[in-house]
Amino acid sequence: MIHLDKLTFGYSKHKKLFENLSMTLAPGHIYGLLGKNGAGKSSLLRNMAGLLYPLEGKIEVNGYEPKKRQPGFLQDVFFIPEEIYLPPFNISKYLSVLSPFYPKFDTEQFQQFIREFEIPKDNKLTDMSYGQKKKVLISFALAANTRVLIMDEPTNGLDIPSKSQFRKIVSSVLDPDRIILISTHQVRDLDSLIDHIIILENSEILVQHSMDTVSEKLYFGTLVNDEDNLRALYSEPSLRGFKAVTENTEQLDSRVDLEYLFNAAIKNPVRIKEIFNS
Amino acid sequence: MNQTFDLQRFTILLKLNFVEKGRNYMLTSGLFIGLLFILLVPTALSDEFLPYGAVLHFMALPLVVLLGGSVFTSSMFSQYTSPSTGIAATLVPGSILEKFLTALVVYLCFSVLLLGMFLALHYFTIDLGNSRLPENGNKYQYIPKPMLWYFACIYIISQGAFFLGSIYFSKFSYLKTAGILFLTFVLTIVLSSWLTSRLVDASVNSVPFVPWQVSAAITKVPPIKLLRARYIVYFPEMVQYMIYALPVLVMLGLWYISFLRLKEKEF
């Protein structure tokens, strides 16, 4: 469980990145955190991982206060930053030195992920490409079986086949005790992976709902004429009219398009809030 | 689970530290221990008195022990200098105390080893060199004890300062720490001399940790000649030991600040 209570953070007391953020993330879900560049996604994740300290408010992760960086907290939370570091040795050495820190580490699972990602086993980690390094770290993080897994832009540097491998593997490791939180600006990479979405904008959380709620409240489809388009929360011209997001007043079924949802939330924040609060 | 200290976790952290940085440790140690041999061994190998032999021994103190120790110590928290390595190091599941102790143990081992090796080699090579020299000729002298004590004080404080500098400064930690230490050293001497000159009507060389050297006017012979007496003021033995304890207290203080800095480090 991750619980934020009136969290305020900024790199100086006068310039706050977010203020009074409150939310609860429950186990058994994969959360997607979206936001524009500079919205504070990475800072929020780092607060949760205990790498940055809040100015005000409280964070609780698995019953621990992250800023204390206690071993019990660290061995049950794995954070993959955007810029990763791997030490200068090969995979087996890396495993032998670091896996003992994680009591639930599953070596066989790790080997399986490495095979699926097609990582050469004997190469030095520092000699690998950025994408390969990222895949090694993702494999390690998933095999560590921590109750909380936080990933900041995990698909950066991954090629197209690896991105779908990533989605497949991540969805396979979700269990009822585990929270997976993924931040990205490449929203397509989260398609059909996340079951909850969080949109951070202008120091506040605009949306924090399950994908089921999103598809219940909003309709993603094509509008044929300009008149219909007036009620769109966000639209883009397409071959057959306008591809748009509208309020789902008629309870129609549609597939959530994360990119359109994000754009709608950024363009019409007040309306979006009203819709979700109704 | 003990959240503050666990021996098994500490052992794994030490192992990780050596696997990651062991090569650098070996290279630095090898370089400075090699230099120590190059400077100290010539006195032991020659059948003739080498006038520069004693100078080499004196030079080894600042050039190898002080410089080597500080270079080594200033790398103790190098993994926390960049965000990517810092995040990886911070998130390793060990307590802050265990991570701090890992660096402390490594730095203490090397510092004590280097100083111990210097002392052992110094006495051994001087003795061996003297045994090869003719009975009635010049003999090598050990470095005087007060000078060794004085050096030990400087060594203890500087090692503590470089240890703190390695976690305090993200860039150029060695140069910044060395600069601050040098300025502090000069300022302390200037301030100390100024204060003592106001206390006593004499010229006093009051370098910290060592007995004062006083040069006082005793008579003035007209018209211009001035007679001065030079003498050394030794502190009572107890006071001198207390003065020697001061660097240890400073070092403990520097360790504590390093610990707090590690605890507060954000990425």
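Reading guide: rules and limits
- Residues numbered from 1 in each chain as written.
- Chains lettered and ligands numbered in written order.
- Predicted model: local features only at pLDDT ≥ 70, side-chain atom pairs only at ≥ 80, totals over all residues.
- Heavy atoms only, no water.
- Contact = heavy atoms within 4.5 Å.
- Buried area = accessible area lost by both parts, 1.4 Å probe.
- Salt bridge = Lys/Arg side-chain N within 4 Å of Asp/Glu carboxyl O.
- Polar contact = N/O pair within 3.5 Å; in protein donor to acceptor, adjacent residues only side chain to side chain.
- Helix = DSSP H or I, 4+ residues; strand = E, 2+ residues; numbered from the N terminus.
- Nonpolar A, V, L, I, M, F, W, Y, C, P; charged D, E, K, R; others polar.
- Buried < 20%, exposed > 50% of the residue type's maximum accessible area, 1.4 Å probe, protein only.
- UniProt positions renumbered as here; feature names shortened; annotations may be inferred.
- 1 Å grid on protein atoms, 1.4 Å probe; cavity = no way out; pocket = protein on both sides within 12 Å on 5 of 7 lines; lining within 4 Å.
- Points joined across faces, edges and corners; volume = space filled by probe spheres on them.
- Phe/Tyr/Trp six-rings, centres within 6.5 Å; stacked < 30°, edge-to-face > 60°.
- Lys NZ or Arg CZ within 6 Å of the ring centre and 35° of its normal.

- Going by the annotation in an unreviewed UniProt entry, the name recorded for chain A is ABC transporter ATP-binding protein, with Dyadobacter psychrotolerans given as the source organism.

### Digging into the interface of chain A and chain B
1) Next: On the chain B side, the residues contacting the 27 residues of chain A number 27 residues.
2) Next: Both sides together, the interface formed by chain A and chain B hides about 2400 Å², and carbon and sulfur atoms give 70% of it.
3) Next: Connecting chain A to chain B are zero salt bridges.
4) Next: The tally of links between chain A and chain B comes to eight residue pairs in polar contact (both at pLDDT 80 or more).
5) Next: Residue contributions to the side of chain A that touches chain B peak at four residues, all from helix H3 (residues 91-98) of chain A.
6) Next: Of the residues contributing to the side of chain A that touches chain B, the split by class is 18 nonpolar, four polar and five charged.

### Quick word on the pattern of salt bridges
All names here are of chain A.
1) Next: All told, the structure shown has 15 salt bridges over all chains when counted by the stated rule.
2) Next: Lys 104 is the salt-bridge partner of Asp 76, the closest N and O atoms lying 3.1 Å from each other. Of this pair, Asp 76 sits in the loop between helix H2 (71-74) and strand E5 (77-80) while Lys 104 sits in the loop between H3 and helix H4 (107-116); the two residues are 28 residues apart in sequence, bridging distant segments of the chain.
3) Next: Residue Lys 104 is classed as partly exposed on the basis of its relative accessible area of 42%.
4) Next: One salt bridge in this structure joins Arg 147 and Asp 76, with 2.9 Å as the shortest N-O distance. Here Arg 147 is found in the loop between helix H5 (130-143) and strand E6 (148-152), whereas its partner Asp 76 is found in the loop between H2 and E5, with 71 residues between them in sequence.

### Quick notes on the UniProt feature "domain: ABC transporter" (unreviewed entry) in chain A
1) Next: Under the present numbering, the feature "domain: ABC transporter" (unreviewed entry) in UniProt falls on residues 2-227 of chain A.
2) Next: Secondary structure over residues 2-227 of chain A splits into 30% helix and 29% strand, and the C-alpha atoms at its two ends are 44 Å apart.

### Here's the deal with the environment of Ser 22 of chain A
All names here are of chain A.
1) Next: Checked against the element boundaries, Ser 22 lands in strand E2 (residues 16-25).
2) Next: The spatial distance from the C-alpha of Ser 22 to the C-alpha of Ser 164 is 32 Å, given a sequence separation of 142 residues.
3) Next: Once residues within four sequence positions are removed from consideration, Ser 22 is found in contact with Leu 4, Asp 5, Lys 6 and Ile 205.

### Structural notes on the layout of surface pockets
Residues and elements named next belong to chain B.
1) Next: The calculated volume of the largest pocket comes to roughly 860 Å³.
2) Next: Residue lining of the largest pocket: 35 residues in total, with Ile 157, Ser 158, Leu 181, Thr 184 and Phe 185 positioned closest to the centre.
3) Next: Elements that contribute at least two residues to the lining of the largest pocket include exactly helix H3 (53-73), helix H6 (145-168), helix H7 (173-199) and helix H8 (237-264).
4) Next: Top element by residues in the lining of the largest pocket is H7. It accounts for ten residues.
5) Next: Taken together, the residues that form the lining of the largest pocket break down as 28 nonpolar, seven polar and no charged.
6) Next: In this structure, the second largest pocket spans a volume of roughly 550 Å³.
7) Next: For the second largest pocket, the lining is made up of 23 residues, of which Pro 146, Met 147, Tyr 150, Val 210 and Pro 211 are closest to its centre.
8) Next: At the level of elements, H3, H6 and H8 are the ones that each hand at least two residues to the lining of the second largest pocket.
9) Next: Its residues assigned to classes, the lining of the second largest pocket shows 19 nonpolar, three polar and one charged.

### A word on the packing of aromatic side chains
1) Next: Using the criterion set out here, one finds 27 aromatic pairs over all chains in the structure.
2) Next: Between the aromatic rings of Phe 78 of chain A and Tyr 102 of chain A, the centroid separation amounts to 5.6 Å while the plane-to-plane angle is 40°, which identifies the pairing as tilted. Residue Phe 78 of chain A is found in strand E5, and its partner Tyr 102 of chain A is found in the loop between H3 and H4; the two are separated by 24 residues along the sequence. Each member of the pair Phe 78 of chain A and Tyr 102 of chain A is classed as buried.
3) Next: Every member of this aromatic cluster is reached through a ring pair, and the members are Phe 77, Tyr 80, Phe 100, Tyr 107, Phe 163, Trp 255 and Phe 259 of chain B.
4) Next: Sitting over the face of the ring of Tyr 53 of chain A, Lys 67 of chain A holds its NZ or CZ atom 5.2 Å from the ring centroid.
5) Next: Just above the ring of Tyr 168 of chain B sits the side chain of Arg 261 of chain B; from NZ or CZ to the centre is 4.6 Å.

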